[in-house]
Each structure stands twice: as structure tokens, then as C-alpha cells.
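Secondary and tertiary structure notes
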Amino acid sequence: MAETLLAILLVTSSAKGPNVVYRWPPSVENTRPRLSRPRPPVDGLELDNPWRASHYSDNSNDLAAHIEGSVDDIDDYAWRRPTESRDRPMSFSRSAIPASGHDSPCNNERREIDPVANEYQCLFDYTAQFLAGMLCPQRHLCHQKFELVIDNLVFAGHPVCAEPDGMWRFKPERYKPGSRGRGSRHRESNLPERNGSEVSLGGETHSTATPKSSWLHMFHLVLVFDLPDPSSSASGNVARYFDTIYEQIAFTVTAVLFQEQVLSNFVELECDAIGSLETEYMVKGERFSDFASHAQRVSSIATAMKILYDAIKSSNMAHITLNDLPLELQLPPYLDHLLHSEEEFELEFVGRLQNQTDSQLWGRELSFGWRLPALVPWKSLLLLDTDQELDPYVNLRGSHVHAEERSLAEGLIKFLETASVTLSLADMASLLDWDLHSQVYPTVRWLVHHRRAKIVDTVHNGLKTIFSIAPKFDKPLATLAAEFKRDFPQPSISPLPTLMATISNSNSKQADNHFFATVVQSKDLISLYHEVVFWMLKRDLLITLHLHVRVVTTAELKVHVRQAHERKLERLAGHHLRGRRRSSRRGDHGVGDAHEYPRVSMPWLSLSPKTARRYPRRSMDSGQSKPSDVSGSILLEDAEDVFDEISEEDSGEENVGWGSSEDTLEPSMISDPGTASPLERKWLAAMSEGKDEYIARRFALINQYFDGKRTDDEILYTAEISRKQLREVLHHYEEYLQTFLHPA
Amino acid sequence: MMPSEGDTFLPRIQSVFYAVFDLQKGPKIVYQVPEGLITGSTANQNSNHSVTSSPSPSIAAILEPDVTPSRRSSSSHGGRRASSLNVPSPHQRSSSSSRVLFNFDDISKYVIPPGELCGRLVICATRKYRIIGFPVLLPGNHYQRNYFQYNVCFVFERSADLSCYEPIVRKVSRVLTACEEESFFLSCPKSSPAMHAILEQLYEDLNSYSETSIPIDAFNSIELKIFPFYPNSPPVKDWQVPLALINLSKRIEDNWDLTMSKVCRHIDGVNHVSRIAHLADCDIELTRQAISHLLYYQVIMTVDIFQYSNMYTLRKNVQWLADECHVKDECGPYVTKHTPGRVVPDWPKLLHLYSRLKSGKTVLDWMETYDVYELGIDVRRFTSFGVIKGFLRRVHRWPILLPADVPSPTRRRKQSLSSSASNASPTSSSAPIGEIPRFSGRPDASGGAPMPGPPINQMEVTRAQQRTSAAEKVLEQLRFKTLPRAGPNPTMRQPPLSPEGPERNNERRSRVLSDTRRHSTYQQPTSHVPPSSSVAGSQSIVHRNSSESQIAFPARPRLSRSPSTSRTRALNSQGSSGPMNAPPPPELLPLLDGDHHTDELCTRFEVGWPQLQQWLVTIGGGKGDGDGDGDFGRVSIIYR
């Protein structure tokens, strides 16, 4: 939705001068000009107190008069604060006599006494004639984005004009010599391509222009907006907001109109029809609103403008038809959020922008202002209710489907019937025998783009999924509860608030916190509760919590690895004394403060370079001994055998990084086990000591996914293991793994 | 007040030009700085370029040679101005380059427009640039065409955000219009060449210093400063806790707004807005405005009220933030109490603790389960660190009163009770055990760490807490507060015990524990609260301490109009008369619609969570015990 949209105008230019051919809605509320910074509330408190003190008089009227005098003349010229401006009546499409005709003279000289004629000529406090002149730019500024701001009104569009000889033809394509051809015109109208700022419309270089020159020199579909208060959003957002509307609406519609004008003189004919109707109505002295609604019947452009306006205001898709060319247009659902300062909750979506691959999978159109979750194989498709007339089934089963498309249509029907929240996209692809990337994803993208489906986390078939409640609801809870009661009158289902309370309380438990254990509790009710979950997911009331795993290297483990390494060094040193000394010095080298403690005073073995480093620090604080050190010396006895094996496998012993800043005995996280450093790999290997071989092998296989970012679903899908196998690993490696439960 | 802002994010002026309606040639550019960037058939450059090479006093010198220099030098920028204008500006040298921004003819109808647009701010655009101007039309019989029309326009990159330049453009036009009206400054051929120097100074100073002061004549000067545009902050709520991001106290100056300086002194990351209003003795609305002002300049942020009954949960951001150095390296030192001999817990340990904060689990429960006391962690700092960094989120309680006709779902309650028996038992039975080290392990624990008796099971705890009368609780709270907290670092101390024998202590302690467990330590002494302010302050909202709040309740007689309320109250009161049994205010009922969380309700009714909890139990007709927050009967509490 674009809450700021005021009107859509069609402006033309001809030898007779510029003209506003049609506009919707018929009467537009005047928006007052205002300053872009809110004026402080004038309640007397804000006045300059020193001034008041120095001008103090017993007559309080003086002060009041001063306040009024200083405020009145500029009062009309101030921004309303966003909260106040919301109170303004937003009924732009009212058909009553517009107030503008009476209380705001649009142009004193040219103003007609007749209020009806005034309706035709007055627009936003200006005459339509004047405004049309401003909206028909110089030829140089045609065929590019147009933007004009007059006080608080924003005019945006993409003016197009005929060639200097009065012919309408496609401009030669500058960037792509290979013409896109006419066959792609439907697609082209849906997916406008912009090459930088230079935009070329149409694909054909050869002259398909209408042979005779037309009176129409230029036409310009203009969207008029109330300039949003710039202080309610972050810098630059307003520009992005208008850019998006321009790209999705103004440019696209203009592209189609231009093409039709070139091919069949469509716009000119429509303008003729509207123009003669307007003259007719003006002569008869009928109201402008009557003309505006009658024009809907004679012109598909007029109809399209109305549908477009209504759809944008109501945040729906616009299905318009221009010269029998169907067109679907919409704005991203979260576009208006750009205009308001972000609430805390919305920060959840910030991270998403960082993920390049996600937006690539969704495509350019869906990447901005849609707030879509990642399109990944382990998520599911949730089909939304659609209007009956737009039901894909109806279209697909319709008789107009060609025979050769029949199989395709049947495939799609099967796809829609297969889609389920309990079935991941990957499973769906294998079930349908479709290719995930070339068949499933495009279908999903189409459904999501047309707001017939959304991507959700896969729900466990037995409802053993862990949910939490969304922090924000779109509607008041009471409304939701009433709807829920209407849809689920069964006595076995508790009211929505109770249900939510139960779900939200379940998160505190360590086990049995999934939906089945906390809510359903009986196998007989699973199918019923499937509907409940489906209902809640549709309304974004549930958030699926996912398991994330991280690997922790404990102090014990590190000491263990360290000791084994030192044992090995020592044994080597037994053969080559000089070699030992060198490597011990190497170790010291990386540690700055080890020099402060002369090595001679400590037995070499008990105080490795690292423990030496720890020593001064510990002496600074309590002097308590760390348990890790104690256990380290115990571990020393039995660890060497295993570790010799491991470290001998490692040919690059020199590169392990002993003594580097990474080599501490503090417990730490391995942030990305998939790209672990040699030392981290040693720690990972040490974790598997004493474990069964099959478990150790599985751990080695899947520990790359334990980076805290992959969800359990993703791990299961990517590693191709079962949930039980994952649980087994988590159990056996409990001491080295941390689990997290949070939204993906 | 404002943080030192770099000017880099302000859009750079590409060009500034002065255009008029020429009698012969129509719209034309008279002067532009830098020169030659805007072309056009009518844009003939005025030959009077010699002005540019003359030093800045030329403006005044041309106009009124007798202007006293003292006036000009009184301007704080005088010296810098002069020097900046004396330096040959780089754009003059570069003007020979062939860079052309756009053709003036393309936009001339927006620069010198028909009369309808005059007096309005007009922004037009070419392919790569945006032009902002304020066309002015001055009628007058002395003009040849009975009017004079001019415009001073600024040119920016197309993508520039011009909101901060709107006031600048308006003001320049306003001052020049005044000059024209007074002395024909613009239309008179003698003085108009000064416009070039003005344009030059606008271009140089606004781009370099974001401010300028250009004296024009004895009465007029252009004084400009560009303020960056910050987004408006969302409305301030009474229950939000402002947290300073800079050292506010160092910034307070004598000439500050009085409310602001009073409010600033109480911003400590603990006090919430309505409490600050009370502490600073300021009107609540003015306090909100002051906080909002600080938020606007992004020198504070808001967090939630810290209470031991709070719940938190991880946000998805944790997956990235847990690897960030500014999170994992700062966390330990920030959240640990600086006690000598204490080792700062490592990040894996801290992260583990964060991961165990869950909705449905109060901070107190969590502390007991994971021995948080032992680690020397300041829990308030621990949670606020997560909130500030953005990986932790407060989970609010949203109570909703179910309609009376809905039968209380017995199946569910039974289930929840049975599950609580199995589920809560680990925590509840371990709770007293978990408490033991908390007291005994402390070096300053009195009586050499007396061990309590055998672990008290859930039933006994429940009974014990039911026996404790509300009055007794109040006494206990008072005692905790009145006892001075010694030591330079008031850490999480054990609740001061009564001067009785250790046996008595144990008994009392177990009761205190059960109380605090259930009521989320209304009376838990905390380390972070300054000794002067009450512990309960974080909960009891306006009243300085709970004793005041307890007194306040009877002073406000409330007639319970709902018959069900009185009935349930009779059932629940069990004869104990105490402030905690104050009847719920009737205004509370309509707010229990699931759209108001308990922080909001607590601030609104100026009570702490234990009192509100009591009210909710009364309203819902529940038993008040059970797992989590207990059984509220017809009131459901959603955590979200």
C-alpha cells in the first residue's frame, strides 16, 4: 500500500497545449503546504521565558494577543505531526461537492464563478491547465524518470513523447542490439528492465510506428503523492520509497501504454474518447464526478487508473487491462514501513538484507519490501486463501487451456494439491519428480509474488514442532480470538488466548516443549490441530523455533591436546636435543610476557609457554588454581598414546599454530567448524577420543554444520541424516556442544 | 547537546545559481558558482566576473562603503569568512573543464515558473541532478513589467536527500526578498553583482562548514546552519528505561532546559520514565518530551525495566552476533561484578547462560537453575547487555481475561498441573539446594554458612508461602531495605537475616526463598541499584519504596463492583488482611484484553508485579499456584 498516494493523472501535450485528460479520484482533498520540521506546540510554555519576564505586564491579554499574532499567520504552513495527520479524513474518493471549490480559490484571475466548471479546471489548488504545463517537461527530459516536488506534492512519472516528426515509434535500443521481440511483450510488461538511468522502451528498432502522425505529442501518467514527513523515517528512505513505486507502477504502465500507442495509436484514441465525453459533460453542466465515472465505461485507461488507485490504497494486487492486454501490478507489502521509523521488532529483518543469496533466489522484484524468509529446500509452502475468481484451479481447469498446455496445467494442479506445511520443498520436488531449482522454485516464486502462498518452516507431521508466539499481532487479540472461535467451535480446542498462553509457556521447559506434548497430547486430535496450526501460521501468530548447535572447546580438552603435543615434542627432543630447544623457543616467541619468567626457575614440562603466560595473570587475581591446570597434569599420563597417533597423521605439524594467539587454554567457540584452523581441527579430533567409531565418523561429518547458524532442518537436509542420528551425536558430544533454540 | 556530527552525510552542493526573468531574454542564469556547469542558450555569463576576485568585504563595500567594519567583525565567523573568500576557490580553476551538469532550458520553467508556483518550494530533477529552489515574484509599479522575479537554486546529485536543505533555501529567499524590498538589492544594477560573492560564499561555506554568515547590508545578513535530519523517535512509553550512550552528566550545561537537566541526572539505565518523572519532580509529559529529545539525538536508547520476574528470549540475530568480537569480548567484563579474585566467565559459559533464558522462565528461576550468583554476574547488566547488543529480547506478559461463559478448560489445567508436577520438580526441588551455595559460599555470610535442613519439597514450599501473611512480607521487605549495605561494591548479598539464631534463620530463609521464587524477588537486594534508591524501585513505580506504595493502597479505597471479584477475593483472602490484598482497581478489567503487557499495567497502576499478579489471581479466580506464574483461572497470560 502507498498511504501517501493522492491521485493518478493522465497528462497529454499537443499542438493545442498541455491538458489533464483524466484523473482519479475525481476530487482530491487539498493538502496544505507545510514546513518539514514540526513546530513546537504553542501552549505558552514554549515561549521565550526571558522575553516574557522582561515584557511582563499585568494585562495578560497582551501576552495572549502576542501568542495569537505570532502563530496565526504561519499556522497553516506547518507540518502536522504524523499522529495528527492521521486524523485527517482520508476520504479522497468522496463524491460530494469538493470543498476546494469554495474555500480555496485556485487561481484568482482565471477562476470561474461556476462551481461545476471549477470542478473540471481546478486541481490541487492549481488550474488543471497550469499543472498540465508543469507536468509536460521539455523533450530532453522525456523517456526518463520524472520527478517534481512542489511544496508537499510529489509528482512522479515517466513522460514519453513522439519523435520530432510527430511519429510514435520505438526508440532504437541502445544497449541490446538483439531485439527482445514482440513475443516477449507480456513478460516485458511484467518485468521492466532498466539499464542504469537510461531506459529504453520497446524492443524493436525497425519502424512499426503508426503511419500517420498524430496530434498527440506527449503523454505522461503521473502519480501524485503527499510528500511524507521526512522526519518520520531514516534518511534516504523516502527516495527509495518513490523509486519503488516508480519502478513497479509508473514505469510499467507507461511501458505498456507506450507500446500500444506505437503499435495501434491506442493512447490517442482513448484520449479522444475521454476528451469528447468531458466536453459533452461540461456543456451539459454535469458534475465532474459523473463524468469521471462515465469515462470508466468508454476508456480502458480510465478504468485502469481507477483500479490501480484503489488497489494501491487498499494494498492489493491490481489486475488491469489495457487494450486487451492484462497486467498485474502491485507494490511490496512492507513498502510503507520505509516511511516510519523502525520499531524494535522490525530489526529482525535487518539481518536478512545481508544475505545476498536469499535475495538472488527470490529475484529482484521480491527482494525488497517483501520480508521473505530464505527460499531453501527445507522450508515448506503454505497456500493462502484466494479470491474465487483468481483461484488458480479455475483458470487451470478452464476450457480455454490448450491441449498441449493441459499436461502442464495438470502438473500445476498436482503441485498445489501436494503443497503442505508438513512437506519440505525438497520432498515435494522428489514427490512430484520436479527439479527443485528449475521447476519448484519458479512456481513458488510465482505463488508468493501473487500472494497466494508463503514460505514457512516445515511443521512436523506429528506436530512435534516447537513454536513460540509472534511478538506482534496484526489485529487485536480479541478479534483474533473471535475469529478463532468461529473457525474452531469444537469443545476439545481451547480458546485462542489459552492456547497461546500454553504455547508460550512451553518454551521454558527443557524437554517435551513441542506443540504435541504441550497442546495436542492425544493422537486422535492431531489432524484437528493441524488445522489450528495452519490457521495460526496463516496469520503469522506462530514462530517456529529451531535448534542451532555450536562447538565449544573446553579448557580440559585444550590442556589435553596441549599436553599431548608437548609429550610428542619431548620425545622428539630425546633424539634431537637441539631440535627441542628450537621448538620450545618457537613456542615462546609468540607469547610476549613469557620472557618475564625465566624458564630456568620452572620445570619445563609443567609450565608450557602458555601456562607460563597464565601464571602472572593468575597471580594478579585471587591466586586460586584453575581446575583445568590440575586436570591437565592428570590427563598428561594417559593421553599421549592417542595423541601421538593423531598428531602424526598431521603432516603439517609446523603449521598448526602452537603458541599463536589462538592457542589459549580458555574455553572458546569454534565459530565455523567447516573452515576450522589446524589447531581447531586438532581439538575437534580430540573430542572424538574414546567415542564409538560410527559416532565419531558421523560427528566428523556433520560438525561443519555446528556453527550456530544452521537450523536442525538444514542440517538434516544437507547431511542427509535422520533426526535420531543427529540426536545421538548431540547426546554423545554433549560436553562439547551448545544448543540454542531461537527463530531461524 | 548534539553528538559531534560529521558533515559527510550531508549532501554536497554541486552548484548554486541565481536566475531572474530577464526583460529581453526571459529566464536566465545571472550568476552561477562554480561557473559554466549549467549551459543554455540564455545562460550568458555576466561579464562582471571581476567581483569574484575581490575579497569578501566587497559585498558590503559595493553596497554601502560606509558600513562599519566592526559590525562585520562582530560576526563570529568573520575572520574565517574573509580568508575563505580570499583564497582562490578551486572551482574557478576547474571551471575551464568541460563538465556540464545539464542544460538550463530543460528546467527553466521550474526555476522561473508562472506565478502560481512562486512562493513555493520547488524541486525538479534532470537525469542526474536535483535542483531545489524557491521562486519569488515581487510585484511593484517601479519595475518595468510591474514585477521582479528571481530564484536562488541549489543543485545536488539526484539521489541526495534534500530535507535538510529545505529550510536553507527558504531562508535565503526570505532574506534576499527583504533586501530587495528594502533597497532593490537584486534589481538595482549597482548592487546586484554582489550576488556572485554571496553565491560563492554559500557554496564554499555550506559545503565546507555546513554553516555560514553573510552580511549583506546594515540590516540584513544571511545566517545559516545545516542541521542533519534525524528520524523522529518513536513515542516514549512510561515503562521504558532510558540508558545513556554517552556521558550525559558531562554535557549538562547551565543554560539547558531545566527539565532536561533534572531528568538527565536520573538516567542510569535502571529508572524508567515515570519513575524519573517522580524522582526529578517533573511533569510526566515534560519528562517524556525530554527523553524523546534525547532519543532523537541518539544519545540514549531505551531498554525494559529490570525485574527478577522478567523473561527474556534469544533473537535470531544471536547466530551472527555470537561470533562478533564486540559482543563476545565485551560481554564478560561488562556483566561481571568487579570483585577481586573473581574470574570473568568465558564466553561459551555466558552464551550458554543466554541460551537458557526462555519465555516462561523468570530470571530468578534461571538464576537458581544455573547458579548464576556463583559466577559473580550482575544479572541486570547481563540481560541489558543482550538487549543492547540486539540478540536478546524481553518477553512480556500479556494478560487476557477470558469471557466468563467459557468453561475453564479443565483438561488443560489438569494437564498443566500434572506436567508441572513432573516438570517443575527438578527446578523446585533443586531450588533450595541451588540456594545453599548462594548463601554459604559467600565469605561474608553470617554464621559460617549454616546449611539448611533437608530439601524442602514443592508442597511444603507452597504451604509455607501460603502461611506467610502479606503483612509479614512487607515487614521483611522493609527490613531488607533499611539495612545499610556496606562495602564499596554492593554485590548480590544475602537477604539480611533477623538477629535470631541460625535455626530460625534457616526457617525464615526457606520462607523468604519460597516467597522470592514466587514473587520474583520483589525484595531481592540487587547490586546495581544505588544504595539511596530502593530496590523495589525497579518495580514499584512511582513510590520511592515499597513501604510508601503499601501505604498508598489503603489510602485509595476501591469499591469492587464486580460481584465475581468480591467472591473470589473472599475465597482467596483467607482472612489475612494486608496491603497485598488490596482489591484490584476496576479500571484494570478492560485493560486485560491481551493488548497491554504487565509493564504497562504496572506503571499505569503504580504497583509491582507481585501486586498485579495478586490482582490477576483475584480477577481470574485462580489458585495462584502452579508452575510458571501460577494459576490465574480465567486470566490467561501470553508470553510474547
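Residues numbered from 1 in each chain as written. Chains lettered and ligands numbered in written order. Predicted model: local features only at pLDDT ≥ 70, side-chain atom pairs only at ≥ 80, totals over all residues. Heavy atoms only, no water.

Topic: the overall build of chain B
Of regular secondary structure, chain B possesses 26 helices and 16 strands. When the 640 residues of chain B are sorted by exposure, 56% land in the buried category. Pairs at least 24 residues apart make up 71% of the contacts formed inside chain B by residues separated by at least 6 positions. When the accessible surface of chain B is summed, it comes to about 26200 Å², and 55% of that surface belongs to carbon and sulfur atoms. (Helix = DSSP H or I, 4+ residues; strand = E, 2+ residues; numbered from the N terminus. Buried < 20%, exposed > 50% of the residue type's maximum accessible area, 1.4 Å probe, protein only. Contact = heavy atoms within 4.5 Å. Areas by Shrake-Rupley, 256 points an atom, 1.4 Å probe, with all protein chains shown as cover.)

Describing the overall build of chain A
Each helix and strand counted, chain A has 30 helices and 16 strands in total. Counting over 744 residues, chain A shows a buried share of 52%. Residue pairs at least 24 apart in sequence account for 73% of intrachain contacts in chain A once pairs closer than 6 positions are excluded.

A look at the environment of A:His514
Residue and element names in this part refer to chain A. Summarising the element assignment, His514 is placed in the loop between α20 (496–506) and α21 (515–520). Taking the C-alpha atoms as reference, His514 lies 6.9 Å from Phe467; in sequence the two are 47 residues apart. Setting aside chain neighbours within four positions, we find His514 in contact with Leu463, Lys464, Thr465 and Ile466.

Notes on the nonpolar core
Within the largest apolar cluster, 106 residues are counted, with the highest numbers of intra-cluster contacts made by A:Tyr22, B:Tyr18, B:Val152, B:Phe154, B:Leu176 and B:Met195. Ranked by residues supplied to this core, first place goes to helix α8 (residues 237–264) of chain A with 13 residues. Excluding residues within four positions of it along the chain, A:Tyr22 makes contact with A:Ile8, A:Leu9, A:Leu10, A:Ile274, A:Phe291, A:Ala292, A:Ala295, A:Gln296, A:Ala302 and A:Met305. Membership of the second largest hydrophobic core comes to 45 residues, among which are A:Leu123, A:Val222, B:Ala19 and B:Ile29. (Core = buried A, V, L, I, M, F, W, Y, C linked by side-chain atoms within 4.5 Å.)

Overview of the packing of helix α19 (residues 477–487) of chain A against α20(A)
Residue and element names in this part refer to chain A. With their axes 8 Å apart at the nearest point, α19 and α20 run at an angle of 105° to one another. Between α19 and α20, the angle is such that the two are roughly perpendicular. The residues of α20 that touch α19, namely those facing Leu477, Leu480, Ala481 and Phe484, are Leu496, Pro497, Leu499 and Met500. Taken together, the residues that form the contact of α19 with α20 break down as eight nonpolar, no polar and no charged. (Axes fitted to C-alpha atoms, helices over the stretch in contact; angles between N-to-C directions. Parallel < 35°, antiparallel > 145°, perpendicular 65-115°, else oblique. Nonpolar A, V, L, I, M, F, W, Y, C, P; charged D, E, K, R; others polar.)

Comments concerning the interface of chain B and chain A
Of the residues lining the interface, 75 residues belong to chain B; the matching set on chain A comes to 91 residues. Across the interface of chain B and chain A, roughly 7200 Å² is buried in total on both sides, 49% from carbon and sulfur atoms. For the interface between chain B and chain A, the tally reads six salt bridges. With its nearest N and O atoms 3.6 Å apart, the salt bridge here joins B:Arg120 to A:Asp151. Summed over the shared surface of chain B and chain A, the number is 19 residue pairs in polar contact (both at pLDDT 80 or more). Of all the secondary structure elements, the ones that give two or more residues to the side of chain B that touches chain A are α6 (104–111), β5 (122–125), α7 (166–183), α12 (284–296), α13 (318–321), α15 (347–355), α18 (410–440) and β16 (635–639) of chain B. Tallying contributions element by element places α15(B) first for the side of chain B that touches chain A, with six residues. Residues that form the side of chain B that touches chain A fall into these classes: 32 nonpolar, 17 polar and 26 charged. In terms of strand pairing, strand β5 (residues 146–150) of chain A meets β5(B) through three bridges, oriented antiparallel. (Buried area = accessible area lost by both parts, 1.4 Å probe. Salt bridge = Lys/Arg side-chain N within 4 Å of Asp/Glu carboxyl O. Polar contact = N/O pair within 3.5 Å; in protein donor to acceptor, adjacent residues only side chain to side chain. Pairing = 2+ DSSP bridges.)

Brief notes about the pattern of salt bridges
For the coordinates displayed, the defined rule picks out 30 salt bridges over all chains. Where A:Glu570 meets A:Arg567, a salt bridge forms, and the shortest distance between an N and an O atom there is 3.6 Å. Pair noted here: A:Glu570 and A:Arg567 are both in helix α23 (residues 555–575), with a separation of three residues, about one helical turn. Under the relative-accessibility criterion, A:Glu570 is labelled partly exposed at 32%. Note that B:Asp599 and B:Arg394 form a salt bridge whose closest N and O atoms lie 2.8 Å from each other. Separated by 205 residues along the polypeptide, B:Asp599 in helix α25 (residues 598–605) and B:Arg394 in strand β14 (residues 392–395) bring together distant segments of the chain. The exposure classification of B:Asp599 matches that of B:Arg394, with both residues buried. Through salt bridges with shared partners, a single network forms among A:Glu147, B:Arg130 and B:Arg158.

Here's the deal with the packing of helix α17 (residues 425–432) of chain A against helix α18 (residues 436–449) of chain A
All names here are of chain A. Following both chains from N to C, one finds α17 and α18 inclined at 115°, their axes separated by 10 Å at the closest point. The way α17 lies across α18 gives a crossing that is right-handed. In this structure, α17 contributes Leu425, Ala426 and Ala429 to the contact, and α18 contributes Leu436, Val440, Tyr441 and Val444. Taken together, the residues of the contact of α17 with α18 sort by class into seven nonpolar, no polar and no charged. (Left-handed = near helix turned anticlockwise from the far one by under 90°.)

Here we look at the packing of aromatic side chains
Overall, the coordinates contain 41 aromatic pairs over all chains when judged by the stated rule. With 6.3 Å between their ring centres and 80° between their planes, A:Phe488 and A:Trp535 make a pair best called edge-to-face. Taken together, the residues A:Phe488 in the loop between α19 and α20 and A:Trp535 in helix α22 (residues 526–538) connect sequence positions 47 residues apart. Just as A:Phe488 is buried, A:Trp535 falls in that class too. Through pairs of rings, three or more aromatic residues link up here, namely B:Tyr334, B:Trp347, B:Tyr354, B:Trp366, B:Phe382, B:Phe385 and B:Phe391. The ring centre of A:Tyr281 lies 5.3 Å from the NZ or CZ of A:Lys284, which sits over that ring. Seen from the ring of A:Trp535, A:Arg539 lies directly overhead, with NZ or CZ sitting 3.9 Å from the centre. (Phe/Tyr/Trp six-rings, centres within 6.5 Å; stacked < 30°, edge-to-face > 60°. Lys NZ or Arg CZ within 6 Å of the ring centre and 35° of its normal.)

Overview of the confidence of the model for chain B
Residues and elements named next belong to chain B. Summing up the model confidence of chain B, the mean pLDDT is 70 and the portion of residues at 70 or higher is 61%. Between residues 42–58, whose pLDDT stays under 50, and residues either more than four places distant or in other chains, the model counts 27 contacts. As a predicted assembly, this complex carries a pTM of 0.70 together with an ipTM value of 0.73. (pLDDT = per-residue confidence, 0-100.)

Overview of unusual backbone geometry
Going from A:Trp24 to A:Pro25, the amide bond is cis rather than trans, its omega being 0°. Relative to the helices and strands, A:Pro25 is located in the loop between β2 (17–24) and α1 (49–54). In this structure, B:Pro34 follows B:Val33 across a cis peptide bond, with omega equal to -10°. Note that B:Pro34 resides in the loop between β2 (26–33) and β3 (38–39). Of note in this structure, A:Asn265 is not a glycine but carries a positive phi near 55°. Tracing the sequence through the fold places A:Asn265 in the loop between α8 and α9 (266–284).

Some thoughts on the pairing of β5(A)
All names here are of chain A. In terms of residue burial, β5 counts as a mostly covered element, since five of its five residues are buried. By the alternation rule, side chains of β5 split into Phe146, Leu148 and Ile150 and Glu147 and Val149, which are all buried. Where β5 lies against strand β6 (residues 153–157), five bridges are found, and the strand directions are antiparallel. Residue pairing across strands places Val149 opposite Val154, the latter belonging to β6.

Side note on the side chain of B:Asp304
Residue and element names in this part refer to chain B. Along the polypeptide, Asp304 turns up in the loop between β12 (300–303) and β13 (311–314). Residue class for Asp304 comes out buried when judged on its relative accessible area of 14%. Engagement of the side chain of Asp304 in a polar contact is seen with the side chain of Tyr312, the distance being 2.7 Å. At a separation of 3.2 Å, a polar atom in the side chain of Asp304 contacts the side chain of Arg394. The residues contacting Asp304, other than those within four sequence positions of it, are Val241, Asn310, Tyr312, Val387 and Arg394.

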